Amino acid sequence: MQEVFFTDARAKVVDPDLWYQPHLSLVSKLEKLIDESNILDFISKGDIVALKTHFGERGTTKTLRSVFIRKIAEKIKEKGGRVFVTETTGLGLTRDRCTALGRLLIAEENGYTSQTVNAPIIIADGMLGFDFVEVEVDGKHLKKVYVAKTIAEVDAVVCATHFKLHMQAGVGGSIKNVGVGCVAKPSKFDLHCRSYPRINENCNECGKCVEICPTNAIVNFQIDESKCLKCTGCKEVCEENAIDIDWIEGREISERIVECAKGVFDVVGKENFAFINFMIDVTPHCDCHPYSDLPVISDVGVFASRDMISVDKSCLDVLARASLNQESLLAHNRFWEWTDPFAQIEYGEELGLGSSKYRIIEK
Ligand code: SF4
Ligand code: SF4
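The shown structure was predicted, so the numbers you read here are calculated from the model rather than taken from an experiment.

### Overview of the nonpolar core
- Within the largest apolar cluster, 54 residues are counted, with the highest numbers of intra-cluster contacts made by Ile 151, Val 178, Val 264, Phe 273, Met 279, Phe 303 and Met 308.
- With eight residues, helix 10 (residues 251-268) is the largest single contributor of residues to this core.
- Residues within four places of Val 264 in sequence aside, it is in contact with Val 147, Ile 151, Val 178, Cys 182, Val 183, Gly 269 and Phe 273.
- Membership of the second largest hydrophobic core comes to 37 residues, among which are Phe 55, Ala 100, Ile 276 and Phe 278.

And the structure:
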């Protein structure tokens, strides 16, 4: 039975006549949660610690507030850790968040700077998302995982995760923060697709894909798979719909996310992780969307654990019991019905990444 520590987002005012009560701030409660749960005690003096979060897309307004990340960074420093805040590039090449440069610009726009989070910010998979360490996982779907190189080099990882829904994986919690957020571009492609991109008969030989391909993998309008790093840049610039990608849907995406998380654990060590899920502003879609719709439920609070599966399962169980906001997009697009939010939990437990059996300890 794993321990999941919890602090309530509600203020629970004891004395309504007393207006100035800073201990009721969720930042203060987060500090108490970390102090009393001891979940950062595994960090030793001098450890290099990645504080992994999601900076959102341009236009997103409900990502994790920087004050929470700043507080976690402060607590890591108190343990003697040398902390930096980190994120990886997105799949593709043309949008800003697909390069380290653009990712940092969007982070700044969304309020994450080294001043606001009080720690350096490093993009973990390099300028184009091709800095990685290959690890064999021999999974049901994936043979290799490409772990972001900076993540592979740290002593510890603390995941600060905005728990929200996700159009393909059902939910985005800590499992997704590790399985998607800690891997480089080739693995992000493998999460979504089974085979390499292919050029089809619509090609008019305009050469745009040849020009953008960062690895010179397109020769005579054919993709050389031995050179292709699966960035999808060619697909983005092709105006003739001449590049086929075999996109995956359903439960298999969740299972591939879990296999990627296993690859990250295999490199860094499962025992070197801590997880903090923020179940506030639970939007009906991921932070990679360029807008934020109404939350689907009222704010719940913060969950913290050393077990990745338990922390997500506890959030999912709360979500499954909650009454959903019918004003949010969730009520209209019904993706909840075609995704399988518990698949990550079930397959993650099967692969030994954690346990779905937990007890809540309220702080
Ligand atoms: S961008 Fe499209 S149409 Fe142009 S060469 Fe490449 S595959 Fe062909
Ligand atoms: S051929 Fe491969 S490496 Fe080149 S742009 Fe397309 S996906 Fe990227």
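Text resumes after the structure shown.
### Brief notes about the packing of aromatic side chains
- Going through the model one piece at a time under the given rule, you end up with seven aromatic pairs.
- Ring geometry for Phe 132 versus Tyr 146: centroids 4.9 Å apart, planes at 75°, classification edge-to-face. Taken together, the positions of Phe 132 in strand 5 (residues 132-136) and Tyr 146 in strand 6 (residues 144-148) put the pair 14 residues apart, joining distant regions of the chain. Here Phe 132 and Tyr 146 have matching classes, each one buried.

### Overview of the site of ligand 1
- If you check the shell around ligand 1, you find Cys 203, Asn 204, Glu 205, Cys 206, Gly 207, Lys 208, Cys 209, Phe 221, Cys 238, Glu 240, Ala 242 and Ile 243 and nothing else.
- Class assignment of the residues belonging to the shell around ligand 1 gives a composition of seven nonpolar, two polar and three charged.

### Observations regarding the site of ligand 2
- Looking at ligand 2, the residues that line it are Pro 197, Cys 213, Pro 214, Thr 215, Ile 218, Ile 223, Cys 228, Leu 229, Lys 230, Cys 231, Thr 232 and Cys 234.
- For the shell around ligand 2, a count of residues per class yields nine nonpolar, two polar and one charged.

### Some points on the side chain of His 285
- Mapping His 285 onto the fold places it in the loop between strand 14 (273-279) and strand 15 (301-305).
- His 285 sits in the buried class, given a relative accessible area of 3%.
- A polar contact is formed between the side chain of His 285 and the backbone nitrogen of Asp 293, at a distance of 3.2 Å.

### Considerations on the side chain of Ser 66
- Note that Ser 66 resides in helix 2 (residues 66-78).
- Once residues lying within four places of it in the same chain are set aside, the contact partners of Ser 66 are Gly 111, Tyr 112, Thr 116 and Val 117.

### Brief notes about the domain arrangement of the protein
- For the protein, the domain assignment lists domain 1 (2-11 + 23-193 + 250-362) and domain 2 (198-244).
- For domain 1 and domain 2, the distance between their C-alpha centroids amounts to 32 Å.
- Across the domain 1 to domain 2 interface the summed buried area is about 910 Å²; carbon plus sulfur atoms make up 72%.
- Among the residues domain 1 hides against domain 2, the three largest losses belong to Leu 93, Thr 94 and Phe 130. Together they make up 48% of the total.

### Considerations on the sheet that holds strand 15
- Strand order in this open sheet of eight strands is 4-3-2-7-14-15-1-16, and the pairing throughout is mixed. Bordering the open sheet on either side are strand 4 (121-123) and strand 16 (358-362), each of which pairs with just one other strand. Adjacent strand axes in the sheet meet at a mean angle of 25° when their direction is disregarded.
- With six bridges connecting them, strand 7 (residues 156-162) and strand 14 associate as parallel partners. The partner of Cys 159 across the bridge, within strand 14, is Phe 275.
- Strand contacts of helix 1 (residues 26-37): strand 1 (2-8), strand 14 and strand 15, with the helix running at about 155° to strand 1, the strand carrying the most contacts.

Conventions adopted
- Residues numbered from 1 in each chain as written.
- Chains lettered and ligands numbered in written order.
- Predicted model: local features only at pLDDT ≥ 70, side-chain atom pairs only at ≥ 80, totals over all residues.
- Heavy atoms only, no water.
- Core = buried A, V, L, I, M, F, W, Y, C linked by side-chain atoms within 4.5 Å.
- Buried < 20%, exposed > 50% of the residue type's maximum accessible area, 1.4 Å probe, protein only.
- Helix = DSSP H or I, 4+ residues; strand = E, 2+ residues; numbered from the N terminus.
- Contact = heavy atoms within 4.5 Å.
- Phe/Tyr/Trp six-rings, centres within 6.5 Å; stacked < 30°, edge-to-face > 60°.
- Near = heavy atom within 4 Å.
- Nonpolar A, V, L, I, M, F, W, Y, C, P; charged D, E, K, R; others polar.
- Polar contact = N/O pair within 3.5 Å; in protein donor to acceptor, adjacent residues only side chain to side chain.
- Domains from an automatic or database assignment.
- Buried area = accessible area lost by both parts, 1.4 Å probe.
- Pairing = 2+ DSSP bridges.
- Axes fitted to C-alpha atoms, helices over the stretch in contact; angles between N-to-C directions.

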